Amino acid sequence: MPTLSNRAAWVQAKGQPLTVAAAPMPQPGAGELLVRNRALALNPFDGVVQTLGGLVTPWVSYPAILGSDVAGDVVAVGPSVSRFQPGDRVLGLALGIDKLANRACEGAFQHYVILRQEAATPLPDGIGFERAAVLPLAVATAASGLFLDDQLGLRRPCVQTPEPTGKTLLIWGGSTSVGSAAIQLAVAAGYEVVTTASPRNFDHVRRLGASHVFDYHDANVVASMVRFLGGRDMAGALAIAVGSGAPCIDILGRCQGRRVVSMASAPSPIDDAPLARQLVWKLKRLPRLAAGFLGLAIRARLRGVELRSIWGTALLKGPLGAQIFHDFLGPALASGRFVPAPEPLVAGQGLDDIAQALALLRRGVSARKVVVSL
Ligand SMILES: NC(=O)c1ccc[n+]([C@@H]2O[C@H](COP(=O)([O-])OP(=O)(O)OC[C@H]3O[C@@H](n4cnc5c(N)ncnc54)[C@H](OP(=O)(O)O)[C@@H]3O)[C@@H](O)[C@H]2O)c1
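What comes next concerns the included structure. (Residues numbered from 1 in each chain as written. Predicted model: local features only at pLDDT ≥ 70, side-chain atom pairs only at ≥ 80, totals over all residues. Heavy atoms only, no water.)

1. Structural notes on the site of the ligand
In the vicinity of the ligand, 27 residues are found, and the nearest of them are S175, S198, Y216, G312 and S366. A distance of 2.8 Å separates an oxygen atom of the ligand from a polar atom in the backbone of V178. Coverage of the ligand by the protein chains reaches 82% of its 940 Å² of free accessible surface. Those elements giving two or more residues to the shell around the ligand turn out to be α3 (136-147), α4 (177-188) and β9 (192-197). Counting the residues that make up the shell around the ligand, at least three belong to each of domain 1 (6-134 + 342-373) and domain 2 (139-309). (Near = heavy atom within 4 Å. Polar contact = N/O pair within 3.5 Å; in protein donor to acceptor, adjacent residues only side chain to side chain. Areas by Shrake-Rupley, 256 points an atom, 1.4 Å probe, with all protein chains shown as cover. Helix = DSSP H or I, 4+ residues; strand = E, 2+ residues; numbered from the N terminus. Domains from an automatic or database assignment.)

Structural data, given as structure tokens:
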């Protein structure tokens, strides 16, 4: 391998800002790829780990490198890698701050990153790195919620046209990044998808395969959806956007079929905590958050609905990870049956731009994924 040098956007200690500095050049171990990162995407959780790391990810070793979404070129492969070789274009889920890894060399916010082969997908030539980077964590989170047995346990997706299941899935937050992946995965598994979005994104979710879409701003949206879903055999609900647990519980509690809600987010926002002087924020928000979780548990019990929480990388603990990233996503991207969505919003051109890109994400996006090119 030629001599290469690496740089990263580090978090030196919990609650610290990002600092760009040299990083060790990682060496791929068994089953690992060394990837030259060409584009990374930002997730709301990146900002949460930066500001509230001590609370939400207390296991993280510092200095840490955050970031989950990578698209780039394979530079080297470790022993027992059978699916990739140097020169391949890939997208992949980086695990730097995840409990499964907890090591800086697997964080996305650096030029050279280690990916595990079961969390990587070959990238067809026609798809640019920025478009590909929108996918890894969104696909992983959606797949974990939809297909794991301790979540919704749905039938798994196939690359060919699936046999219809005759069941309907509710996805609350279809225009989120996770929702854009979830709609496509559920349709590829043979489910009818009914979702919510703002009217400006109705076409977006329909293009991805949703059969019906409701405006979640409508004060009567729950009643309208219950009326519409009456007589359908429900497969459950994926509650993605912040605050979507309660309406999903209310709807499933009044429908036929499976009464399980898999929830990807907290009942109230936690992505707006300041980096410094957090006491006031914590005094105000943490009791509200705790009350929100308790309220959801009571609501679910009263309506006869089971409530489960999703951890986005859970699919990598078993065979589902490779089934999704390798067996499904690679061929589905190549055939065009699965498309990268939403569109990337390129907010910078290097590691120094990640901080401003995170600030942009915090202000909110609509059916776009904030991406930084490297
Ligand atoms: N558990 C995990 O492991 C995990 C992993 C990844 C993400 N997440 C969480 O999942 C959520 C979505 O993440 P993301 O990256 O996909 O988000 P995102 O794309 O940044 O979300 C933006 C979208 O949220 C939609 N939205 C906002 N409020 C909504 C509401 N009340 N009902 C329905 N849609 C609403 C907006 O839709 P419109 O523009 O159409 O209004 C917008 O398009 C976040 O809370 C994130 O923290 C959890």
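Structure shown, so let's carry the discussion forward.
2. Some words on the packing of α3 against helix α9 (residues 320-335)
Close contact between α3 and α9 brings their axes to 10 Å; oriented N to C, the two are set at 120 degrees. Classed by the angle they form, the pair α3 and α9 counts as oblique. As for how α3 packs across α9, the hand of that crossing is right-handed. Only L320, I324, F325 and L329 of α9 make contact with α3, whose side of the interface consists of P136, V139, A140, A143 and F147. (Axes fitted to C-alpha atoms, helices over the stretch in contact; angles between N-to-C directions. Parallel < 35°, antiparallel > 145°, perpendicular 65-115°, else oblique. Left-handed = near helix turned anticlockwise from the far one by under 90°. Contact = heavy atoms within 4.5 Å.)

3. Overview of the packing of helix α7 (residues 245-252) against helix α8 (residues 279-303)
Running from amino to carboxyl end, α7 crosses α8 at an angle of 5 degrees, the nearest separation of the two axes being 9 Å. As judged from the angle between their axes, α7 and α8 are roughly parallel. Contacts between α7 and α8 pair G245, A246, I249 and D250 from the former with L296, R299, A300 and R303 from the latter. Of the residues contributing to the contact of α7 with α8, the split by class is 4 nonpolar, 1 polar and 3 charged. (Nonpolar A, V, L, I, M, F, W, Y, C, P; charged D, E, K, R; others polar.)

4. Some words on α3
When the terminal C-alpha atoms of α3 are compared, their 16 Å separation across 12 residues agrees well with the 16 Å that a helix rising 1.5 Å per residue should span. Of all the 12 residues making up α3, 12 are buried; the element is thus mostly covered by neighbouring parts of the structure. Taken together, the buried positions of α3 are P136, L137, A138, V139, A140, T141, A142, A143, S144, G145, L146 and F147. (Expected span 1.5 Å × (residues − 1). Buried < 20%, exposed > 50% of the residue type's maximum accessible area, 1.4 Å probe, protein only.)

5. Description of unusual backbone geometry
Omega for the bond connecting Y62 with P63 falls within 30 degrees of zero, at 0 degrees, which places this linkage in the cis form. By secondary structure assignment, the location of P63 is in the loop between α1 (44-56) and β4 (69-77). Along the chain, A341 connects to P342 via a cis peptide bond; the corresponding omega equals 0 degrees. Looking at the secondary structure, you find P342 in the loop between α9 and β15 (343-346). Phi is positive for N102, which is not a glycine, with a value near 55 degrees. Of note, N102 is situated in the loop between β5 (89-93) and β6 (112-116). Of note in the backbone geometry, A367 takes a positive phi value of approximately 50 degrees without being a glycine. Here A367 lies in the loop between α10 (354-363) and β16 (368-373). Note on A367: relative accessible area 11%, which makes it buried.

6. A short note on the pairing of strand β1 (residues 6-11)
Of all the 6 residues making up β1, 5 are buried; the element is thus mostly covered by neighbouring parts of the structure. Of the strand pairs in this sheet, β1 and strand β2 (residues 18-23) are connected by 6 bridges, and their pairing is antiparallel. Its bridge partner lying in β2, A9 is registered against V20. Linkage of β1 to β2, two consecutive antiparallel strands, is achieved through a turn of 6 residues, within which G15 is found at a positive phi near 75 degrees. (Pairing = 2+ DSSP bridges.)

7. Side note on the packing of aromatic side chains
The full count for this structure, using the stated rule, is 4 aromatic pairs. Taken together, the ring pairs in this structure connect F45, W59 and W311 into an aromatic cluster. The ring of Y112 has R36 sitting right over it, with the charged end atom 5.6 Å from the ring centre. In this structure, R89 is placed above the aromatic ring of F129, and the distance from its NZ or CZ to the ring centre is 4.5 Å. (Phe/Tyr/Trp six-rings, centres within 6.5 Å; stacked < 30°, edge-to-face > 60°. Lys NZ or Arg CZ within 6 Å of the ring centre and 35° of its normal.)

8. Section: α8
Taking 1.5 Å per residue, 25 residues should reach 36 Å; α8 reaches 36 Å between its end C-alpha atoms and fits that length. The sharpest bend along α8 measures roughly 25 degrees and falls at R285, with the proline P287 sitting one to four residues further on. Within α8 the residues assigned to the buried category are W281, R285, L289, G292, L296 and A300. Looking one or two places after α8, you find G304, whose phi comes out positive at around 70 degrees. (Bend = angle between axes of the 7 residues up to and from the residue.)

9. Section: the nonpolar core
Counting residues in hydrophobic clusters, the biggest one holds 62 residues, and the most contacted among them are L91, L146, F147 and F338. Considering each element in turn, this core owes the most residues, 8 residues, to α3. Dropping the residues within four chain positions of it, F338 is found in contact with L135, V139, A181, Q184, L185, F328, L329, A332 and L333. Ranked by size, the runner-up nonpolar core spans 36 residues in total, among them L42, V49, V113 and A120. (Core = buried A, V, L, I, M, F, W, Y, C linked by side-chain atoms within 4.5 Å.)

10. Considering the pattern of salt bridges
Tallying each qualifying case throughout the model produces 12 salt bridges. The partner of R303 in a salt bridge is D250, and the shortest N-O contact between them spans 3.1 Å. In this pair, R303 sits in helix α8 while D250 sits in helix α7, placing the two residues 53 residues apart along the sequence. Its relative accessible area of 30% is what places R303 among the partly exposed residues. Of the residues examined, D250 reaches a relative accessible area of 12% and is grouped as buried. In the salt-bridge network here, residues are joined through shared partners; they are E32, R103, E106 and R116. (Salt bridge = Lys/Arg side-chain N within 4 Å of Asp/Glu carboxyl O.)

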